[in-house]
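Tertiary structure, described
Below, each chain spelled out in residue letters.
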Protein chains: 2
Amino acid sequence: MPTIIECVPNISEGRDRASIDAIAAAVRGVTGIRLLDVSSDVSHNRSVLTFVGDAASMRAAVAALFEAAIPRIDLRRHRGELPRMGAVDVVPFIPIRGASMEDCVALSREAGAAIAERFGVPVYLYEESAASEPRRNLAEIRKGQFEGFAEKMKDPRWKPDFGPGEPHPSAGAVAVGARAFLIAYNINLATKDLAIADRIAKAIRHLSGGFRYVKAMGVELADRGIVQVSINMTNFRKTPLHRVFECVRSEAERHGVAIVGSEIVGLTPADALYAAAEHYLRLEGFSAEQVLETKLLGE
Amino acid sequence: MPTIIECVPNISEGRDRASIDAIAAAVRGVTGIRLLDVSSDVSHNRSVLTFVGDAASMRAAVAALFEAAIPRIDLRRHRGELPRMGAVDVVPFIPIRGASMEDCVALSREAGAAIAERFGVPVYLYEESAASEPRRNLAEIRKGQFEGFAEKMKDPRWKPDFGPGEPHPSAGAVAVGARAFLIAYNINLATKDLAIADRIAKAIRHLSGGFRYVKAMGVELADRGIVQVSINMTNFRKTPLHRVFECVRSEAERHGVAIVGSEIVGLTPADALYAAAEHYLRLEGFSAEQVLETKLLGE
């Protein structure tokens, strides 16, 4: 069984192509790492790197990321539309295959401790790695942003998990943690009535009594003359796609509305699709090891 | 999109471990080839190798296979329970990803011509590569077996596609061709009545009016006290799993019988499962390129 962990760090540079390329090259150069994507947003002035590897390669890649980013990104001169607190702003580790959430929590602690020691950047463990409830939420950690962080850190409740008691002068602070893969999943309804999409979104989302790992809202697709339940699946292993699909189908039927189709936006782990096939085909004793391509992913 | 072609040659040696290991090692040593499995059957005195790679690696691997097998397997001394005609008996190429059936037909012709020229073994193109209808069927080609092949080849209808007009003295003849991946798929029914499984098998199989790429029969699972429709899916792209599952469900319901579950025996390409997920979730615009693991399979 190959070990695949994904890392999707956000860095606070989305405009200077030379800096972004140099930081990406540093990550790509680490043995055992596959850099899958670099997406930069000019107005947010932020880039998201996507890379995969095993735990050992991840530790090396995160060190390479900071080593390349710190001399190139100075938050004292940074402007952008989204809240941010660090040159490397957030480093999430995501278990994909052959690694558990616990493995990724352990990795986030090791990587966090190493970053703090080597680069003098304060580290906050967040999401599944958080030591306390308020630190699970990235938005809570980021509050105050880079400009307010020296002040925020004077409060003993915001002592970092690793590293100095004040922000790095140019690189600020960073959140490091483990979380599940997020699948952006939309279900399209054969109606123009946005109120129906809204009611169904409310029925399935955690906030209002629905599935624990679902965030959802109703959206109008004006060009197609239909509406959509737009969903973030924050843990497809615990709340799988097919269960949400069937719930939406049942709720929509109650309004006399059919499902036109659904869509996965961007990437999904193969396991999310295997789980749907397994459910509907009622597969007995299925294992991803039976999939030819799994055998090709390495040892 | 990585190119993955699978090759599952049968060799007429299932007892002498040293020979089998040497032949497997020759294939494994070819750059770009991943040897996934070697299964030997002592009573059949036959081994099946499973390896994958792109077209160029496949040509080299098949040459390496013959080079290692010919000095080690002498059919004049071979005994086994199944029909066979060659030291390397059959070489099927199977498109998995990024390669079409046409690509595999072309590969089988190139590899066949090269084998005939280099090793002096007559080559019959079969299945999708066959030049005429009687040669599609491996059993027809094999008829007469090694012992009867010199006689069989005197008939001009059995002139090989490549190579000499008589069998190789020790290595006989070989069938080379392209075919679809075969998925062994069983559907279990909540009844002890074998007649129901038989009737459903008859309903879905090609032979008696069912799906073109389905072979099926009823089987008793005495230990579980149920019956099974045992299926060979000979082309899951043209006759997908979910269509057969839904047809079996409908036929079973007509007898008041439910489906307990289904099972995939052995390996399946990921695409067969993606297709089921796509069908039931009504996915719009889905592509295997959206699956994270696909991106890890190489260029």
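Attention in this report is confined to the structure presented alongside it. Fair warning: this is a prediction, and the values are worked out from it, not measured in the lab.

Cut-offs applied
- Per-chain numbering applies: the sequence of each chain, read as written, is numbered from 1 onward.
- Here every chain gets a letter starting at A, and every ligand a number starting at 1, in the order they are written.
- Where totals are concerned, whole chains, interfaces and linings use all residues; where local detail is concerned, this predicted model gives features only for residues with pLDDT of at least 70, and gives and counts side-chain atom pairs only at 80 or more.
- We define the nonpolar core as any set of buried residues of the types Ala, Val, Leu, Ile, Met, Phe, Trp, Tyr and Cys, connected via C-beta atoms lying within 7 Å of each other.
- Whether a residue is buried, exposed or partly exposed is read from the other C-beta atoms within 10 Å of its own C-beta, which are placed from the backbone; 20 or more gives buried, 12 or fewer gives exposed, and intermediate counts give partly exposed.
- Whether two residues are in contact depends on their C-beta atoms, placed from the backbone: they are in contact if these lie within 7 Å.
- Helix and strand assignments follow DSSP, with helices taken as H or I runs no shorter than four residues and strands as E runs no shorter than two, numbered in order from the N terminus.
- Each residue gets one label: Ala, Val, Leu, Ile, Met, Phe, Trp, Tyr, Cys and Pro are nonpolar, Asp, Glu, Lys and Arg are charged, and the others, such as Gly, are polar.
- The length a helix should cover is 1.5 Å for every residue beyond the first.
- The directions considered for the arc run from the helix axis to the C-beta atoms.

So, on to the nonpolar core. Counting residues in each nonpolar core, the largest one holds 194 residues, and the members touching the most others are A:Ile5 and B:Ile5. Sequence-distant contacts of A:Ile5, defined by excluding residues within four places in its chain, comprise A:Val52, A:Gly53, A:Asp54, A:Ala55, A:Met58, A:Phe93, A:Ile94, A:Pro95, A:Ile96, A:Ala99, A:Cys104 and A:Leu107.

This part covers the interface of chain A and chain B. Accessible area lost upon the coming together of the parts serves often as the stated size of an interface. Listed as interface residues are 36 residues of chain A and, on the opposing side, 36 residues of chain B. Those elements that provide at least two residues to the side of chain A that touches chain B are strand 3 (34-41), helix 7 (241-254), strand 11 (259-265), helix 8 (270-280) and helix 9 (292-295) of chain A. When residues of the side of chain A that touches chain B are assigned to their parent elements, the largest contribution, six residues, is made by helix 8 of chain A. Each residue belonging to the side of chain A that touches chain B can be placed in one class, and the counts come to 23 nonpolar, seven polar and six charged.

Quick look at the environment of B:Asn188 now. All names here are of chain B. One can find Asn 188 in strand 8 (residues 183-189). In this structure the C-alpha to C-alpha distance between Asn 188 and Glu 263, which are 75 residues apart in sequence, comes to 8.2 Å. Setting aside residues no more than four positions away along its own chain, Asn 188 makes contact with Leu 221, Ile 226, Gln 228, Ile 259, Val 260, Gly 261 and Ser 262.

Another point: helix 3 (residues 101-119) of chain B. Residue and element names in this part refer to chain B. Between its first and last C-alpha atoms helix 3 spans 26 Å; for 19 residues at 1.5 Å apiece the expected length is 27 Å, and the two agree. Along helix 3, the residues classified as buried are Cys 104, Val 105, Leu 107, Ser 108, Ala 111, Gly 112, Ile 115 and Ala 116. When helix 3 is viewed along its axis, its buried side chains cluster within an angular range of 160° and face the same direction. Of the residues in helix 3, the exposed ones pointing more than 90 degrees away from the buried face are Glu 102, Glu 117 and Arg 118. In this structure, the buried side of helix 3 is in contact with strand 1 (4-7), helix 2 (55-69), strand 5 (88-97), strand 6 (123-127) and strand 7 (174-178). Just beyond helix 3, the residue with positive phi is Gly 120, at close to 65°.

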